[in-house]
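What follows is each chain in one-letter form.
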Amino acid sequence: MPVLTRLIPSPVVVDIRRGALDDLAAILSDQRIAPSGRMAFAISGGSGQALRERFAPTLPGADWFDDADGTIDGAVRLADSIKKAGHYDTVVGLGGGKIIDCAKYAAARVGLPLVAVATNLANDGLCSPVATLDNDAGRGSYGVPNPIGIVIDLDVIRDAPVRYVRAGIGDVICKISAVADWELSHRETGEQIDGLAAAMARQAAEAVLRHPGGVGDDDFLTTLSEALVLCGISMSVAGDSRPASGACHEISHAFDLVFPKRCALHGEQCGLGGAFATYLRGDHDMARQMAGVLRQHGLPVLPEEIGFTADEFIQVVEFAPKTRPGRYTILEHLDLSTHEIKDRYADYAKAISS
Ligand SMILES: [Zn+2]
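Since the structure is predicted, the reported quantities are computational estimates derived from the model, not experimental observations.

**Here we look at the coordination of the zinc ion**
Part 1 of the reasoning: Looking at the zinc ion, one finds its protein donor set to be Asp171 (OD), Asp171 (OD), His249 (NE2) and His266 (NE2), positioned 2.1 to 2.7 Å from the metal centre.
Part 2 of the reasoning: Each of the four donor atoms around the zinc ion contributes to a set of angles spanning 51 to 141 degrees, which defines the coordination as irregular.
Part 3 of the reasoning: Owing to a relative accessible area of 0%, aspartate 171 belongs among the buried residues under this scheme.

As structure tokens, then:
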């Protein structure tokens with residue numbers, strides 16, 4: 001008897017709209033995520049305090065914790081504080097990617113579900129089964145359960161610095177390149193491809209790529225938020241980050257590792273990396289289209305636009321395959337020499353300018 005269906009770990013609540021956070025207690029109680037209203041909120045020590053002042057009156061059963069700081073130590077501290085403070089129905093991560101990743105890890109450690117309430121849209125981590133945390137060795141990815149609820153309040157997103165909203169566009173659009181890398185690996189190495197995960201990630205990217213709006217419109221913000229959620233779930237479906245991360249992410253990780261003090265936002269680097277990788281794959285029309293859309297949203301398409309010279313970018317691309325050993329992308333496939341990367345980059349820069 002073949003398996004006729006499969007269960008996908010996914011959130012039971014996805015609520016994306018203006019004012020969603022005002023209704024948080026009701027949303028979580030209706031869905032029996034927090035029936036007693038006892039919630040442990042993880043917030044940042046900085047901008048988290050203002051959110052606490054704003055929303056604490058509507059959440060009488062909430063306790064607030066500001067241990068989360070994007071490090072594994074901070075996540076362990078957060079888990080210890082929550083365990084000491086009492087019994088809760090759920091942990092709520094209220095903040096940007098660092099806070100949510102710490103909350104994901106802490107929730108897994110204390111055995112509670114996690115509700116992610118994103119205050120910006122900088123990357124696709126809000127709904128992924130991975131917590132990226134700084135550790136003694138630099139940065140690590142830790143497997144965690146997917147959040148049980150995702151709440152995105154567009155009024156809160158509008159208060160975030162616009163750069164942290166736009167960056168998410170780069171992290172979504174680059175999935176066109178990530179999925180193409182997966183297909184390339186399937187053809188070249190026989191790596192198994194999960195059609196559903198690939199479809200979710202690619203369609204999320206296509207929706208953002210083709211949307212005529214910008215970060216000033218609710219309609220565009222909703223599409224971008226939904227795309228980020230779908231990209232996160234595509235990773236749960238695939239069982240790893242494959243549908244969301246190819247050469248685009250190898251290039252972004254290489255920026256982080258080769259120039260740790262100067263790197264730009266993850267999504268900004270992934271968008272640029274995705275457009276360049278698409279060009280390397282020979283899909284020049286799509287590379288031009290991706291670069292055009294990134295540019296339209298004020299995102300970088302050339303390294304100079306985030307403060308790197310062409311030679312530094314070539315160094316980054318050369319280092320990129322080392323960041324994900326075992327992952328086969330266009331970079332591993334072409335295995336270009338320094339000189340060849342230089343030539344291809346010059347062609348790319350010319351192609352997207354014309
Ligand atoms: Zn990413």
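**Some thoughts on the pattern of salt bridges**
Part 1 of the reasoning: Taken as a whole and judged by the stated rule, the model has 23 salt bridges.
Part 2 of the reasoning: The partner of arginine 281 in a salt bridge is aspartate 181, with the nearest N and O atoms 3.2 Å apart. You can see arginine 281 sitting in the loop between helix H11 (266-280) and helix H12 (284-296) and its partner aspartate 181 sitting in helix H7 (residues 175-189), a full 100 residues away along the chain.
Part 3 of the reasoning: Using a relative accessible area of 21% as the deciding quantity, one classes arginine 281 as partly exposed.
Part 4 of the reasoning: Given the relative accessible area of 0%, aspartate 181 is considered buried.
Part 5 of the reasoning: For the salt bridge of glutamate 312 with arginine 262, the shortest nitrogen-to-oxygen distance reads 2.9 Å. Of the two residues, glutamate 312 is situated in helix H13 (residues 310-319) and arginine 262 in the loop between helix H10 (247-258) and H11; the sequence distance between them amounts to 50 residues.
Part 6 of the reasoning: Residues joined by salt bridges that share partners form a network here, namely Arg18, Asp155, Arg158 and Asp218.

**Quick word on the UniProt feature "binding site: NAD(+)" (unreviewed entry) in the protein chain**
Part 1 of the reasoning: Under the local residue numbering, the UniProt record ascribes the feature "binding site: NAD(+)" (unreviewed entry) to Gly97, Lys98, Ile99, Ile100, Asp101 and Ser128. Maximum C-alpha separation among the annotated residues is 13.8 Å over a sequence range of 32 residues, consistent with a single clustered spot. Within the annotated group just given, the residues that line the largest cavity are Gly97, Ile100 and Asp101.
Part 2 of the reasoning: Note that glycine 97 resides in helix H4 (residues 97-110).

**A few points about helix H2 (residues 48-55)**
Part 1 of the reasoning: Burial in H2 covers these residues: Gly48, Leu51 and Phe55. Down the axis of H2, the buried side of the element spans an arc of 60 degrees, and every buried residue falls inside it. Every exposed residue of H2 that faces more than 90 degrees away from the buried side is listed here: Ala50 and Glu53.
Part 2 of the reasoning: The inward-facing, buried residues of H2 contact strand S4 (90-95) and helix H5 (154-159).

Reading the values: rules and limits
- Starting from 1, residues in each chain are numbered consecutively following that chain's sequence as written.
- Two thresholds apply to this predicted model, a pLDDT of at least 70 for residue-level local features and 80 or more for giving and counting side-chain atom pairs, whereas whole-chain, interface and lining totals are computed over all residues.
- In computing side-chain properties, one takes all heavy atoms of the structure into account and sets aside hydrogens as well as water.
- With water omitted from the atoms examined, metal sites may look incomplete; donors here are N, O and S atoms no farther than 2.8 Å from the metal, or 3.2 Å in the case of Na, K and Ca.
- For a four-donor site, all angles between 85 and 135 degrees give tetrahedral; for four or six donors, opposite pairs above 155 degrees with the remaining angles between 65 and 115 give square planar or octahedral; all remaining cases count as irregular.
- Buried, partly exposed and exposed residues are distinguished by accessible area as a fraction of the type maximum, computed with a 1.4 Å probe on protein chains only: under 20%, between the cut-offs, and over 50%, respectively.
- Basic side-chain nitrogens of Lys or Arg form a salt bridge, by our definition, when they fall within 4 Å of a carboxyl oxygen of Asp or Glu.
- A helix here means a DSSP run of H or I that spans at least four residues, while a strand means a run of E at least two residues long, and both kinds are numbered starting from the N terminus.
- UniProt positions are given in the numbering used here, feature names are shortened, and annotations may be inferred rather than shown by experiment.
- A 1.4 Å probe that fits but cannot get out identifies a cavity on a 1 Å grid over protein atoms alone, an open set with protein on both sides within 12 Å along at least five of seven lines counts as a pocket, and a residue lines either if it has an atom within 4 Å of a point.
- The arc in question is the one traced by the directions running from the helix axis out to the C-beta atoms.
- Whether two residues are in contact is decided by their heavy atoms, any of which lying within 4.5 Å being enough.

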